Amino acid sequence: MDDLIVSTDKDRLDIEFIFNFLHNEARWCKGIPRDLVEKSIENSLCFGAYIGSKQVGFARMVTDYATFGNLVDVFVAEELRGKGISRVILETVNDHPELQGLRRITLATSDKQKLYEKFGYTELARPEIFMEKFDPLVYS
């Protein structure tokens, strides 16, 4: 995709596109309210993928820019999946200067392990030290 651009410029983000996907399609946060999507964008390093002026993908990194990051909300518009857009987004995330030297970057995925492995992600080295507080019905 020669005309694909990935940018961290939040002014370019199509909030409606992002909200519609996360609220209506994403398994991990279906039903999320718009105000929470906006707040999450405000407080994260965001990566928008664009063909021309149209946003076609998204990812965001929740990070302190010093020691850790959590990669979340990675998606590509359904009609453009399988064209390498997610690969370009993840390359841009991996190469971002403010994310170099982090001790740990985490992510959760139920079905894209093979994709993330290409970018250095592995199963937890020590899963016994990780815990979570999880409320799957929080947006219901």
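Residues numbered from 1 in each chain as written. Predicted model: local features only at pLDDT ≥ 70, side-chain atom pairs only at ≥ 80, totals over all residues. Heavy atoms only, no water.

## Quick word on the overall build of the chain
Assigned secondary structure in the chain consists of four helices and five strands. Its helices and strands taken in sequence order, the chain reads β-α-α-β-β-β-α-β-α from the N to the C terminus. Against the compact-globule benchmark of 14 Å for 140 residues, the chain has a radius of gyration of 15 Å, which places it among compact chains. Oriented by its inertia axes, the alpha-carbon framework of the chain measures out at about 45 × 35 × 25 Å. (Helix = DSSP H or I, 4+ residues; strand = E, 2+ residues; numbered from the N terminus. Rg over C-alpha atoms; globule rule 2.2 N^0.38 Å.)

## Here we look at the side chain of S7
With respect to the helices and strands, S7 occurs in strand β1 (residues 4–7). Classification of S7 as buried rests on a relative accessible area of 15%. In this structure the side chain of S7 is engaged in a polar contact, spanning 3.0 Å, whose partner is the backbone nitrogen of D9. Excluding anything up to four places from it in sequence, S7 contacts R12, C46, F47, G48 and Y50. (Buried < 20%, exposed > 50% of the residue type's maximum accessible area, 1.4 Å probe, protein only. Polar contact = N/O pair within 3.5 Å; in protein donor to acceptor, adjacent residues only side chain to side chain. Contact = heavy atoms within 4.5 Å.)

## A closer look at the side chain of D73
Locating D73 in the fold gives a position in strand β4 (residues 68–76). The exposure class assigned to D73 is buried, which follows from its relative accessible area of 9%. In terms of polar contacts, D73 uses its side chain to reach the side chain of R60, at 2.8 Å. Beyond its immediate chain neighbours, meaning those up to four positions away, D73 contacts L22, W28, C29, F58, A59 and R60.

## Some points on unusual backbone geometry
Positive phi, normally seen in glycine, also occurs at Y65, with a value near 65°. For D73, which is not glycine, the phi torsion reads 55° and is therefore positive.

## Some remarks on the nonpolar core
With 22 residues, the main nonpolar core has F47, L71, I85 and I89 as its most contacted residues. Residue assignment for this core shows that the elements contributing at least two residues are β1, β2 (45–51), β3 (54–63), β4, α3 (85–95) and α4 (113–117). With residues near it in sequence (within four places) discarded, L71 still touches A59, R60, M61, L90, V93, I105, T106, L107, Y116 and Y121. (Core = buried A, V, L, I, M, F, W, Y, C linked by side-chain atoms within 4.5 Å.)

## Describing the environment of L36
Along the chain, L36 falls in helix α2 (residues 34–42). Residues L36 and F19 lie 17 residues apart in sequence; the distance between their C-alpha atoms is 9.4 Å.

## Side note on the packing of helix α1 (residues 15–24) against α2
Relative orientation of the contacting elements α1 and α2 amounts to 120°, with a least axis distance of 10 Å. Classed by the angle they form, the pair α1 and α2 counts as oblique. By crossing handedness, the relation of α1 to α2 is classed as right-handed. From α1, I15, E16, I18, F19 and L22 reach across to α2, where they touch R34, V37, E38 and I41. Residue composition of the contact of α1 with α2, by class: six nonpolar, no polar and three charged. (Axes fitted to C-alpha atoms, helices over the stretch in contact; angles between N-to-C directions. Parallel < 35°, antiparallel > 145°, perpendicular 65-115°, else oblique. Left-handed = near helix turned anticlockwise from the far one by under 90°. Nonpolar A, V, L, I, M, F, W, Y, C, P; charged D, E, K, R; others polar.)

## Description of the sheet that holds β4
The strand order across the open sheet built from five strands is β1-β2-β3-β4-β5, with neighbouring strands paired in mixed fashion. Pairing within the sheet leaves two strands with one partner each, and these edge strands are β1 and β5 (104–107). When strand polarity is set aside, the average angle formed by the axes of neighbouring strands in this sheet is 20°. Pairing geometry for β1 and β2, over four bridges, is antiparallel. When the sheet's bridge partners are listed, L4 is paired in β2 with I51. The strands touched by α3 are β1, β2, β3 and β4; relative to β4, the strand with the most contacts, the crossing angle is about 160°. (Pairing = 2+ DSSP bridges.)

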